[in-house]
Amino acid sequence: MSVHNKSCGRERIGNLAHDNIRIFGGQVRLRIVYVSVGVLQELLQNKYAPRLSASLAAERVRESITNFIEGRLHLKVNKEKTVVSYVRGVKYLGYSFYINKGKCLLTVHPKTKAKMRRRLKELTGRSNGMGYAKRKENLRLYIKGWVNYYHLATMKRLTEETDEWLRRRLRMCIWKSWKLPKTRIKNLIKCGINKYNARRWGYVKGYWRVAGTPIMHMAASNVNLRKAGYTFLYDEYVKWLP
């Protein structure tokens, strides 16, 4: 659009943009902006040229490696699972990557985390028919195997948060297994709860709700759960730490 600016006493030719201009998600607030097409192209090239150049170079490397593997080694490359991308967020063998202080480090990919939680939820289902012994053994095998595979990742916070959720699910299973109020009162007293609180909580309904209450945290504390033989992710993870 051609614009004649009388206040300046001269004519400017350019592209007129209004008060709000959005360029690649960035918002610029100006009264009137005159940008020639050539200047705009130069600005975009200076900003995005390095990223574009790196992407093109990576594509050439992938093509070269693919040709070598398929042409010289006579192996098949799965092109659906082969991707050229920025390192952050890429899933590789269940791992993901992140940058911290200039270093590329390993973490657990979000899809892997979700899959792990689904499996733990299955093992701690209150209606899956498992007894104490079988549930402990299945949890031990799964947790040990999972941590042994992903121990290279930085996952201290992940293991602590998952253990907190897992212990609540175990308390829920324990509370359900006691079934009758009479049995709950008896077992709460055995676990060190005074008779008044044991009778008070023995008739409360709602497995998940009771599992998160202080009474079950005392009766089935973290120490008591470990003594009972339950395995947790953080305990296995610290074994791999230097």
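K.L.:
What should I look at first to understand the environment of Val 238 in this one?
P.N.:
With respect to the helices, strands and loops of the structure, Val 238 is situated in the segment after α10 (233-237). For Val 238, a relative accessible area of 31% translates into the label partly exposed. Distance in space between the C-alpha atoms of Val 238 and Thr 159 is 9.9 Å, their sequence separation being 79 residues.

K.L.:
I keep staring at the pairing of strand β7 (residues 95-100) and nothing clicks. Help me out?
P.N.:
Strand direction decides the pairing type here: β7 and strand β8 (residues 103-108), joined by 6 bridges, are antiparallel. When the sheet's bridge partners are listed, Ile 99 is paired in β8 with Cys 104.

K.L.:
What exactly am I supposed to notice about a nonpolar patch on the surface here?
P.N.:
Side chains of Phe 68, Leu 73 and Leu 75 sit close together on the surface and give an oily, nonpolar patch of about 290 Å² of accessible area. Relative accessible area serves as the criterion here: at 45%, Leu 73 is assigned to the partly exposed category.

K.L.:
Got a minute to help me understand the packing of helix α3 (residues 132-150) against helix α4 (residues 156-178) in this structure?
P.N.:
The angle between the axes and the distance between the axes are what describe a pair of packed helices. The N-to-C vectors of α3 and α4 enclose an angle of 170°; their axes lie 13 Å apart at closest approach. With respect to each other, α3 and α4 are oriented roughly antiparallel. Contact residues: Tyr 132, Arg 135, Leu 139, Ile 143 and Trp 146 in α3; Leu 158, Leu 166, Leu 170, Cys 173, Ile 174, Ser 177 and Trp 178 in α4. Taken together, the residues that form the contact of α3 with α4 break down as 10 nonpolar, 1 polar and 1 charged.

K.L.:
Just checking my understanding: could you explain helix α2 (residues 110-123) for this structure?
P.N.:
One turn of the α-helix equals 3.6 residues, which is why residues spaced by three or four share an orientation. Compared with the 20 Å implied by 1.5 Å per residue over 14 residues, the 20 Å span of α2 between its first and last C-alpha is a close match. Taken as a whole, α2 has its buried residues at Thr 112, Met 116, Leu 120 and Leu 123. Projected down its long axis, α2 shows its buried positions confined to an angular sector of 70°, all on one face. Across from the buried face of α2, at angles greater than 90 degrees, the exposed residues are Pro 110, Lys 111, Lys 115 and Arg 118. Summarising the contacts, the buried residues of α2 are in contact with β8, α3, α4 and α10.

K.L.:
Would you explain the confidence of the model for the chain in this entry?
P.N.:
The predicted coordinates of low-pLDDT regions are not to be read in fine detail. Put simply, the chain has an average pLDDT of 80, and 78% of its residues get 70 or more. Here residues 1-37 is a poorly scored stretch, pLDDT under 50, and it has 43 contacts once near neighbours within four places are set aside; other chains count.

K.L.:
How do you make sense of the packing of aromatic side chains when you look at a structure like this?
P.N.:
Given two aromatic rings, one states the distance between the centres and the angle between the planes to describe the pair. If you walk through the whole model with that rule in mind, you get 5 aromatic pairs. For the pair Tyr 95 and Tyr 149, a centre-to-centre distance of 6.1 Å together with 35° between the ring planes defines the contact as tilted. In this pair, Tyr 95 is assigned in strand β7 and Tyr 149 in helix α3, connecting sequence segments 54 residues apart. Since its relative accessible area comes to 41%, Tyr 149 is described here as partly exposed.

Rules used in this analysis
Residues numbered from 1 in each chain as written. Predicted model: local features only at pLDDT ≥ 70, side-chain atom pairs only at ≥ 80, totals over all residues. Heavy atoms only, no water. Helix = DSSP H or I, 4+ residues; strand = E, 2+ residues; numbered from the N terminus. Buried < 20%, exposed > 50% of the residue type's maximum accessible area, 1.4 Å probe, protein only. Pairing = 2+ DSSP bridges. Patch = residues over 30% accessible without salt bridge, like charges linked within 9 Å, V, L, I, M, F, W, Y side chains within 5 Å. Areas by Shrake-Rupley, 256 points an atom, 1.4 Å probe, with all protein chains shown as cover. Salt bridge = Lys/Arg side-chain N within 4 Å of Asp/Glu carboxyl O. Axes fitted to C-alpha atoms, helices over the stretch in contact; angles between N-to-C directions. Parallel < 35°, antiparallel > 145°, perpendicular 65-115°, else oblique. Contact = heavy atoms within 4.5 Å. Nonpolar A, V, L, I, M, F, W, Y, C, P; charged D, E, K, R; others polar. Expected span 1.5 Å × (residues − 1). Arc of directions from axis to C-beta. pLDDT = per-residue confidence, 0-100. Phe/Tyr/Trp six-rings, centres within 6.5 Å; stacked < 30°, edge-to-face > 60°.

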